[in-house]
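Okay, here's what each chain looks like letter by letter:
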Amino acid sequence: MLEVRGLSKRFGGLLAVSNVSLAVKEGEIVALIGPNGAGKTTLFAMISGFLAPDAGSVAFAGQNVTGWSPHEVCRLGLARTFQIVQPFGRLTVRENIAVGAHLHSAERKEALAKATDIGMRLGMGPLLDRPAAALTVAARKRLEVARALATNPKLLLLDEVMAGLNPTELGELIPTLRTIRDGGVTILMIEHVMQAVVSLAERAYVLNQGSIIAEGAPAAIAKMSSVVEAYLGHGAAERLGRVAAGAA
Amino acid sequence: MLDPIILIPAAINGLTMGAVYALVALGLTLIYGVLHIINFAHGSLLMVALYAAFFLYRLLGIDPYLAIVVLVPVFFAAGYALQRSVIGTSGQGRDQNVLLITLGVSIVLENAALYFFSADTKTIDTSYSLEVVDLGVALVPLPRLIGFVAALVLAAVLWALIARTDLGRAIRAVAKEPHGATHVGVDVNHVFAMSFGIGTACLGAAACLLLPMFYVSPHVGNVFVLIAFTVVVLGGMGSFVGALIGGLLIGLTESLGGLLFGEAAGQLGIFLIFIAVLLFRPTGLFGSRLA
Amino acid sequence: MSRAAAVTGVVLALAVPALVHSDFWVGFCITVLLSTLMASAWNVLGGFGGQFSFGHAAFFGTGAYTAAVLHVALGVNAWLAFAAAGIAAGAVGVVIGYLSFRYGLRGSYFALVTLAFAEVLRIAVGSVDFAGGGVGLYLPLQVGIANMQFASKAGYYYVALALGAGAIAVAWRLERSRLGAWLVAIRENEDAARALGVDTLRCKLQAITISGAMTGLGGAFYANYYLYLDPGLAFGPGVSVEVLLAPIVGGIGTIWGPFIGAAALQLAGEMARRILGDAPGLSLVFYGALLVLTVKFLPDGLIGLGRRMLQPRAAHA
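Residues numbered from 1 in each chain as written. Chains lettered and ligands numbered in written order. Predicted model: local features only at pLDDT ≥ 70, side-chain atom pairs only at ≥ 80, totals over all residues.

Student: Whenever I open this one, the overall build of chain A confuses me. Can you help?
Tutor: Within chain A one finds ten helices and ten strands. For chain A, the C-alpha radius of gyration of 19 Å lies close to 18 Å, the compact-globule estimate for 248 residues. For chain A, the residues scored as buried account for 45% of the 248 residues in total. Across chain A, every contact between residues at least 6 apart in sequence was considered, and the portion connecting residues at least 24 apart equals 63%. (Helix = DSSP H or I, 4+ residues; strand = E, 2+ residues; numbered from the N terminus. Rg over C-alpha atoms; globule rule 2.2 N^0.38 Å. Buried ≥ 20, exposed ≤ 12 C-beta atoms within 10 Å, placed from the backbone. Contact = placed C-beta atoms within 7 Å.)

Student: What exactly am I supposed to notice about the overall build of chain B here?
Tutor: When its secondary structure is counted, chain B shows eleven helices and two strands. Along chain B, from the amino end to the carboxyl end, the secondary structure elements read α-α-α-α-β-β-α-α-α-α-α-α-α. In summary, chain B has a C-alpha radius of gyration of 19 Å against a globular reference of 19 Å for 291 residues, a match within 12%. Overall, chain B is about 60 × 45 × 35 Å in size when its C-alpha atoms are taken along their principal axes. Across the 291 residues in chain B, those meeting the buried criterion constitute 53%. Nonlocal contacts in chain B, meaning residues at least 24 apart in sequence, comprise 77% of its contacts between residues at least 6 apart.

Student: Sorry, what's going on with the sheet that holds strand β8 (residues 186-190) of chain A here?
Tutor: Paired through their backbone hydrogen bonds, the strands of a sheet run either parallel or antiparallel. All names here are of chain A. Overall, mixed pairing links the six strands, which are arranged β6-β7-β8-β3-β9-β10 in an open sheet. In this open sheet, the two strands that pair with only one neighbour each are β6 (78-80) and β10 (211-216). Neighbour-to-neighbour, the strand axes of the sheet open up by a mean angle of 15°, direction not taken into account. The sheet contact formed by strand β3 (residues 29-33) and β8 spans four bridges and is parallel. Each residue of the ladder has a partner; that of Val 30, found in β8, is Leu 188. (Pairing = 2+ DSSP bridges. Axes fitted to C-alpha atoms, helices over the stretch in contact; angles between N-to-C directions.)

Student: Teacher, can you tell me more about the sheet that holds strand β1 (residues 2-11) of chain A here?
Tutor: All names here are of chain A. Here four strands make up an open sheet; going across it, the order is β2-β1-β4-β5 and the pairing antiparallel. Among the strands making up the open sheet, the edge pair consists of β2 (14-24) and β5 (63-64). Where β1 and β2 come together, seven bridges link them in antiparallel fashion. Each bridged residue has a counterpart across the sheet, and for Leu 2 the counterpart in β2 is Val 24.

Student: Any chance you could explain the interface of chain C and chain B here in plain terms?
Tutor: How large an interface is tends to be reported as the accessible area lost when its parts come together. The partner chain B presents 32 residues to the 35 residues of chain C that form the contact. At 14 residues, helix α5 (residues 107-126) of chain C tops the list of elements feeding residues into the side of chain C that touches chain B. Looking at side-chain class alone, the side of chain C that touches chain B contains 27 nonpolar, six polar and two charged residues. (Nonpolar A, V, L, I, M, F, W, Y, C, P; charged D, E, K, R; others polar.)

Student: Looking at this model, I keep getting lost on the arrangement of the chains. Mind explaining?
Tutor: The structure contains two pairs of chains in contact, of which chains B and C account for the largest number of contacts. Chain B makes no contact with chain A, the minimum C-alpha separation between the two being 13 Å.

Student: Teacher, can you tell me more about the packing of helix α12 (residues 257-276) of chain C against helix α13 (residues 282-297) of chain C here?
Tutor: Geometrically, a packed helix pair is captured by the angle between its two axes and the distance between the axes. All names here are of chain C. For the pair α12 and α13, the least separation of the axes is 10 Å and the interaxial angle reads 135°. Comparing the axis directions of α12 and α13 gives the class oblique. Crossing angle aside, the handedness with which α12 passes α13 is right-handed. Facing Leu 265, Gly 269, Ala 272, Arg 273 and Leu 276 of α12, the residues of α13 in contact are Leu 282, Ser 283, Phe 286 and Tyr 287. (Parallel < 35°, antiparallel > 145°, perpendicular 65-115°, else oblique. Left-handed = near helix turned anticlockwise from the far one by under 90°.)

Student: Even after reading the chapter, I still don't get helix α14 (residues 301-310) of chain C, so can you show me in this structure?
Tutor: Owing to its 3.6 residues per turn, the α-helix aligns residues three or four sequence positions apart on the same side. Listed as buried for α14(C) are Gly301(C), Leu302(C) and Ile303(C). Of the surrounding elements, those touching the buried residues of α14(C) are α11 (237-250), α12 and α13 of chain C.

Student: Before we go on, may I ask you to explain the interface of chain A and chain C in this structure?
Tutor: The partner chain C presents 19 residues to the 24 residues of chain A that form the contact. Elements with a minimum of two residues in the side of chain A that touches chain C: α2 (70-76), β6 and α3 (93-101) of chain A. For the side of chain A that touches chain C, the element with the most residues is α2(A), which contributes four residues. Grouping the constituent residues of the side of chain A that touches chain C by class yields eleven nonpolar, seven polar and six charged.

Student: What exactly am I supposed to notice about unusual backbone geometry here?
Tutor: It is generally the case that most residues other than glycine have a negative phi and that most peptide bonds are trans. Positive phi values are uncommon outside glycine, yet Asn19(A) reaches one of about 50°. Mapped onto the elements, Asn19(A) comes out in strand β2. Residue classification places Asn19(A) among the partly exposed residues on the basis of 14 C-beta atoms within 10 Å. Phi at Ser118(B) is positive, roughly 65°, even though this residue is not glycine. The topology assignment puts Ser118(B) in the loop between α4 (95-117) and β1 (132-134). Taking the C-beta count within 10 Å as the criterion, Ser118(B) has 13 such neighbours and is therefore assigned partly exposed.

Student: Help me understand helix α9 (residues 200-226) of chain C, please; the structure alone is not making it clear to me.
Tutor: Here α9(C) spans 38 Å end to end across 27 residues, near enough to the 39 Å set by a 1.5 Å rise per residue. Buried residues dominate α9(C), accounting for 23 of its 27 residues. (Expected span 1.5 Å × (residues − 1).)

Student: So what exactly am I meant to see when it comes to the environment of Ile168(C) here?
Tutor: Residues and elements named next belong to chain C. Note on placement: Ile 168 falls in helix α6 (residues 153-175). By the C-beta count within 10 Å, which is 17 here, Ile 168 ends up partly exposed. Here the alpha-carbon distance between Ile 168 and Arg 308, two residues 140 residues apart in the chain, equals 23 Å. Not counting residues up to four positions away in its chain, the partners in contact with Ile 168 are Ser 40, Ile 255 and Phe 259.

Student: Just to check I follow, could you spell out the nonpolar core for this structure?
Tutor: Within soluble globular proteins, side chains that are nonpolar generally end up buried alongside one another. Among the nonpolar cores identified, the biggest contains 296 residues, and Ala22(B), Leu23(B), Val24(B) and Leu50(B) are the most heavily contacted of them. Leaving out residues up to four positions away in the same chain, Leu23(B) has contacts with Ala151(B), Leu154(B), Ala155(B), Cys202(B), Ala205(B) and Ala206(B). (Core = buried A, V, L, I, M, F, W, Y, C linked by C-beta atoms within 7 Å.)

Student: Sorry, what's going on with the environment of Leu210(B) here?
Tutor: All names here are of chain B. Mapped onto the elements of the fold, Leu 210 is located in helix α8 (residues 188-210). What makes Leu 210 buried here is the crowd of 27 C-beta atoms within 10 Å. For the pair formed by Leu 210 and Ala 228, sequence separation is 18 residues and the distance between their alpha carbons is 14 Å. Beyond its immediate sequence surroundings of up to four residues, Leu 210 is in contact with Val 20, Leu 50 and Gly 147.

Student: Please clarify how the confidence of the model for chain B should be interpreted in this entry.
Tutor: Interpreting fine coordinate detail is not advised for predicted regions of low pLDDT. All names here are of chain B. Averaged over all residues, the pLDDT of chain B is 85; the fraction at 70 or higher stands at 96%. Between the elements of chain B, mean pLDDT differs from a low of 79, seen in helix α7 (residues 178-183), to a high of 92, seen in helix α2 (residues 42-60). For this predicted complex, the interface score ipTM comes out at 0.87, alongside a pTM of 0.89. (pLDDT = per-residue confidence, 0-100.)

Student: Please explain the environment of Val93(A) as it appears in this structure.
Tutor: Residues and elements named next belong to chain A. Considering the arrangement of structural elements, one finds Val 93 in helix α3. Judged by the 29 C-beta atoms lying within 10 Å of it, Val 93 falls in the buried class. Sequence spacing of Val 93 and Leu 135 is 42 residues, and the spatial spacing of their C-alpha atoms is 9.0 Å.

Student: What's the story with the pairing of strand β9 (residues 203-208) of chain A in this structure? I'm lost.
Tutor: Consecutive residues of a regular strand have side chains that alternate between opposite faces of the sheet. Residue and element names in this part refer to chain A. When β3 meets β9, the two strands line up parallel, connected through four bridges. The partner of Leu 32 across the bridge, within β9, is Tyr 205. One ladder, built from five bridges, connects β9 with β10; its direction is antiparallel. What sits directly across from Leu 207, in β10, is Ile 212. Two successive antiparallel strands, β9 and β10, enclose a turn made up of two residues, where Gln 209 displays a positive phi of approximately 50°.

Student: Teacher, can you tell me more about the packing of helix α11 (residues 263-280) of chain B against α5(C) here?
Tutor: Direction vectors running N to C along α11(B) and α5(C) enclose 155°, while the axes themselves pass 9 Å from each other. Taken together, α11(B) and α5(C) sit at an angle that is classed as roughly antiparallel. Judged by the twist between their axes, the crossing of α11(B) over α5(C) is left-handed. For the pair formed by α11(B) and α5(C), the contact residues are Ala264(B), Gln267(B), Leu268(B), Phe271(B), Leu272(B), Phe274(B), Ile275(B) and Leu278(B) on the first element and Tyr109(C), Val113(C), Ala116(C), Phe117(C), Glu119(C), Val120(C), Ile123(C), Ala124(C) and Gly126(C) on the second.

Here you go:
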């Protein structure tokens, strides 16, 4: 469904994303992990049309969407959320979601009805008439997902949607995402919260300093020394190995 | 038409006027660079300063060039107060609100002047108004020459203030990183107001240099506000060098354009430059990224 | 609003020329209605779309001069000229909008560039002879419905009423439409809107075209009512300011805000004139101060104030 080939982006002297290739098949939940500053959000921005890549290509649903603008990509079925939530502050939750619903519904009544439906499915029933600005962080994250879902996407790009949630909230959002996938939406998620990655994702890519350094099932990746080093620093894998061996 | 005998005086005219434009623009670019607001009231404040210089001369006989000593501190204080009490405390974070407020202030000032002083344009005649200096290639009216030199001197003083003093350091810090500056103990609101005050002080000086070679009327602010914006945008928001060079360039454009294509075309040229820069090169000649 | 109240309102509005015997006050109503039209127009782009234009005079002047020149110099039927004025102003909107939005101008930069465009038009039109040049253009007095000039104020009143009501209707329709929802989304957060499939350039262009066309019609009406135009008046900052002040005072982004703001401003201006006399500049000083005070203390305008006063104190959520 999504095929990224050799994508690169340079900002002045900094090569933020370097020759990244990845693929997501229909129906999968794939995670994109890596330490802060690895270039994950930049990658999302390029895939979703907010940034033009310096090199490489993005193919989605059989079409070459490299360099397309965000709204064109969205119309093709690719929706994204933002790492820093961007609600339409003065609109109600229902009106927020309706903006997304309007992509396929020209009539206001229809869009609002669809918005109500999606809002309830995501457990936001009691919040539907509240202004988005009055929501908690967890609720706003849910709203981001709901809004993106309202555009009837085939692929959902979630950018750190679990960040800042307490265990209860995580416990509610994780099954919600699984339900969304089961409803026919493919998911590619940037995540730091390992619990979510491990319980949701079938595959994961690890991005470090702009390049993919590993790919595979989350459990296997967590053990790879290159991945450990990316997070914990040079030599960490070896030290951890010695500690484990010493404890055995 | 392209005869040097006509071109050179026109070019000098443009440069001398451009120096004053530059001084006005310096204040505006400082205010933008530090407070990140587009001060719509800049033109009307210049107009008020011009009236002040005018009445100081008419009623108290103080020569405009000497009046600089009076008007610079007065307008500094006025700007400080204006920022502290009216402009700075509103907006609630939306920059369009601050724009509306400075617009409102400019309307109040312009029409208050209209009410108190009527729409007549006023000029002054000093003993040296008609004196001319022979530069060899052309004869330059003395007020224009003084204006040119003084504007450059004041620009240099302003630069020194920002680059070499403690206040200047604080201003630069706040311009770059207001939150961080707070943490280091800088009173950001005070620095904002100081910067605004310095910006308006530039207007006080510019008015004194301008009056002997121009006129004053309630609507004169409108003339200058867009020109000042054009200079700032052309030179680059927040760039001193840009304001200086931009001012001279715009002065030249207006003068030569007016000579070659008619006065309306000269003015039109300025606005077209403004639009073109905003569309195609919003960072201007020397500016940093747009906020 | 209850049915009865709405019907009463419509009947009263239609009966004004019959009920109000003072020519002055009928004229006052005409001014309010004209103001409502243009305030609503500004509100479409600025209130709904969040793009503040400081140069709406560009559309007003285009409409006024198009109607005047077509009718006076080229003998075109006044009503056709009226329609053409709207189209011309809308076209100017497309040009200004495309240039500004395509190059990503937002916020203060957009406001500045619209001001520059208005000034460009003012200078350009002022230097063209067939439009009267800097001196101005007089429209000959030729009373007759075909010429869109009426013997009594009543005729003008009904045209103005139709325009004002039409403007409110446009706003009402917009609020219930997809374009309206998308414009508001753009206003609140343009990037988020793009991520949801909103073609922001197209929406903003539609908004500025509608806004420009409506304002242009206002200009055309003005030309036929006052029978005199000059570039400073038609393209000047006075019009641009008045057109944005009314919706801000009344309630930006609402349907009735422009009307309430227009009425309030004209009323206040009239009272000020009676108390302080008809000195030049005084009413604008007042308007300028009102702009500052409204933005500082009443950002939701009079409608916002009304809402807050009428709603019982809700528990903080």
